[in-house]
Amino acid sequence: MVVSARHRTLSALTTGFVLVFFVAFCVFPFLWMLDTAFKPAAEVFSTAPTLWIASPTFSNFRAVVLESPFLIYFGNSLIVAGVSTILTVSLSVFASYAMSRWSYLSVTQIVTGGLIVSQMIPGVLLLIPLYVLIRNMGLLSTYAALVIVYCTFMVPLASFMLKGFFDAVPRELEEAAAMDGCSRLGFILRILLPVTLPGLLATAVFAFIAAWNEFMFGYVLINDDARRTLTPGIMLFKGSHQTDWGSLTAASVLAAVPVALGFVYVQRFLITGLTAGAVKG
C-alpha cells in the first residue's frame, strides 16, 4: 500500500513536471515577444538580454499604430479573414451534409476522396499555378484573390470537421422534420445548424485563424500596400540590413491579441464542439 501510494505520488510529480516543462517551452517565445515589445531600443540590442525591463516604454506600440500602416493591414486582414470564414463555413455546411447523409453514393465517395487528396498537397506546390490563375483573372492585389485561395484550402478541412458533427445528429430527427412538412433546406437551417452550433463555431474559429495567420499567399498575391494583409505587412519592419525588433514584436503582439481574446471567449463552445464531433452515436 505504501509502495503504491509512493508510486502514484512519484507518477503525479513526474507528470506535473513534464507538463510544466512543455507549457514553459510553448509560452516562452510569446513571453519574450511581449517582453521585447515593451523594451527601448538600447535594451533590445543589448549584448546581455534579459527578461527584466529596466525602462518600460510604449514607444514601440506608438510607432506601430501611429507611424506605420499597421491599422490598414489590420483592417485588410479583418476583411479577408471574415469574408473567407463566412464563405468557407457556408460552402462546407452543404458539402458536409451531403457527405454525411449520402455517403453511400458513388459521386459522394469520389468527391470525398478528392477532398482527402487535396489535403495531401502542400500549398507551396500550388503557389505558381494559383498565381497564374489569379493573374489571368485580373485579381492580383485584390481581396478576392486571397478569399478564393483561402476558401480553396479551408473548405475541404472544414467539410470534414462539420461532417463529424452532422454524423452525430440522428437521422430520425430529420425524418420527423420531413413528416412535419419541413424541407431539406429548412431542416439544415432551422434544426441541423442550431443543434450543431458548437461544432459550427469551432469550425469557424479554425477557418478564421487560418486565414488571419496565413503569410505565403498574402505575400505573393498582394503587391499593393493598400491591400496588404497583416502577416506580410509585419515583415516590412524587417529591413535588408537591420531589423526593428521593438516595432516587429509590438506589431506581432497587437496581431495576436484579437485572435487570443476571441479564442478565450469561444473556448467553451470550441471544446464542446470538438467533443461532440469526436463522439458519434
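## Let's talk about the overall build of the protein
Scanning the protein for helices and strands turns up 14 helices and zero strands. Ordered by position from the N terminus, the helices and strands of the protein form the series α-α-α-α-α-α-α-α-α-α-α-α-α-α. At 24 Å, the protein has a C-alpha radius of gyration far larger than the 19 Å of a compact globule built from 281 residues. Principal-axis analysis of the C-alpha atoms places the extent of the protein at approximately 75 × 75 × 35 Å. Considering the protein as a whole, with its 281 residues, one finds that 36% of them fall into the buried category. Pairs at least 24 residues apart make up 73% of the contacts formed inside the protein by residues separated by at least 6 positions. The averaged location of the 12 negative side-chain charges in the protein is 7 Å from the averaged location of its 15 positive side-chain charges.

## A word on a nonpolar patch on the surface
On the surface, F17, V18, F21, F22 and F25 cluster together to form a nonpolar patch covering roughly 570 Å² of accessible area. By secondary structure assignment, the location of F25 is in helix α1 (residues 2-37). Classification of F25 by relative accessible area gives exposed; the value is 58%.

## Considering the pattern of salt bridges
Counted according to the given criterion, the structure contains five salt bridges. In this structure, R228 and D225 form a salt bridge, with 3.1 Å as the shortest nitrogen-oxygen distance. You can call R228 buried: its relative accessible area is 12%. Each member of the salt-bridge network shares a partner with another, and the members are R101, E174 and R184.

## Details of helix α3 (residues 59-66)
Among the residues making up α3, those that are buried are N60, F61, A63 and V64. The buried residues of α3 all sit within an arc of 160° when viewed along its axis, so they share a single face.

## A look at the nonpolar core
Judged by nonpolar contacts, the single largest core of 30 residues is most densely connected at L146, Y150, F217 and L230. Excluding anything up to four places from it in sequence, F217 contacts G123, L127, L130, L146, V149, Y150, F153 and I222. Ranked by size, the runner-up nonpolar core spans 15 residues in total, among them F165, C182, I188 and L200.

## So, the packing of helix α4 (residues 70-101) against helix α7 (residues 143-167)
Helix-helix packing is described using two parameters, namely the angle between the two axes and the distance between the axes. Running from N to C, α4 and α7 point in directions that differ by 40°, and their axes come no closer than 6 Å. On the basis of the axis angle, α4 is oblique to α7. As α4 packs across α7, the resulting crossing turns out to be right-handed. Of the residues that constitute the contact of α4 with α7, the class distribution is 21 nonpolar, seven polar and three charged.

## Some remarks on the confidence of the model for the protein
Summary statistics for the protein give a mean pLDDT of 84 and a share of 92% for residues scoring 70 or more. Counted against residues more than four places away or in other chains, residues 276-281, with its pLDDT under 50, gives seven contacts.

Criteria and cut-off values
Each chain has its residues counted from 1, following the order in which its sequence is written. Since the coordinates come from a predicted model, pLDDT governs what is reported: local features require at least 70, and pairs of side-chain atoms require 80 or more to be given and counted, while whole-chain, interface and lining totals use all residues. The side-chain numbers reported here are obtained from all heavy atoms of the structure, hydrogens and water having been left aside. Strands are runs of DSSP state E lasting at least 2 residues, helices are runs of H or I lasting at least 4, and numbering of each runs from the N terminus. Radius of gyration here uses only the C-alpha atoms, and the compact-globule reference equals 2.2 Å multiplied by the residue count raised to the power 0.38. Categorising residues by exposure relies on relative accessible area from a 1.4 Å probe, with only protein chains included: less than 20% of the type maximum marks a residue as buried, more than 50% marks it as exposed, and the intermediate range marks it as partly exposed. We call two residues in contact when some of their heavy atoms are within 4.5 Å. As used throughout, the charge tally considers Lys and Arg to be positive and Asp and Glu to be negative, leaving His and the chain termini uncounted. Taken as the charge centre is NZ of Lys, CZ of Arg, CG of Asp or CD of Glu, depending on the residue. To count toward a patch, a residue needs a relative accessible area over 30% and no salt bridge; like charges are then connected within 9 Å, while nonpolar side chains (Val, Leu, Ile, Met, Phe, Trp, Tyr) are connected within 5 Å. Per-residue and other accessible areas were derived by the Shrake-Rupley procedure at a 1.4 Å probe size, with only the shown protein chains allowed to occlude residues. The salt bridge definition used is simple: a Lys or Arg side-chain nitrogen within 4 Å of an Asp or Glu carboxyl oxygen. Arc definition: it is the arc formed by the directions from the helix axis to the C-beta atoms. In this text, buried Ala, Val, Leu, Ile, Met, Phe, Trp, Tyr and Cys residues form a nonpolar core when linked through side-chain atoms within 4.5 Å. Helix axes are fitted only over the stretch in contact, all axes being lines through C-alpha atoms; the angle between N-to-C directions runs from 0 to 180 degrees. For classification purposes, angles smaller than 35 degrees are called roughly parallel, those larger than 145 roughly antiparallel, those between 65 and 115 roughly perpendicular, and all remaining angles oblique. The hand of a helix crossing depends on one turn: near helix anticlockwise from the far one by less than a right angle means left-handed, and clockwise means right-handed. For this classification, Asp, Glu, Lys and Arg are treated as charged, while Ala, Val, Leu, Ile, Met, Phe, Trp, Tyr, Cys and Pro are nonpolar and the rest, including Gly, are polar. Scored between 0 and 100, pLDDT is the confidence that the predictor attaches to each residue.

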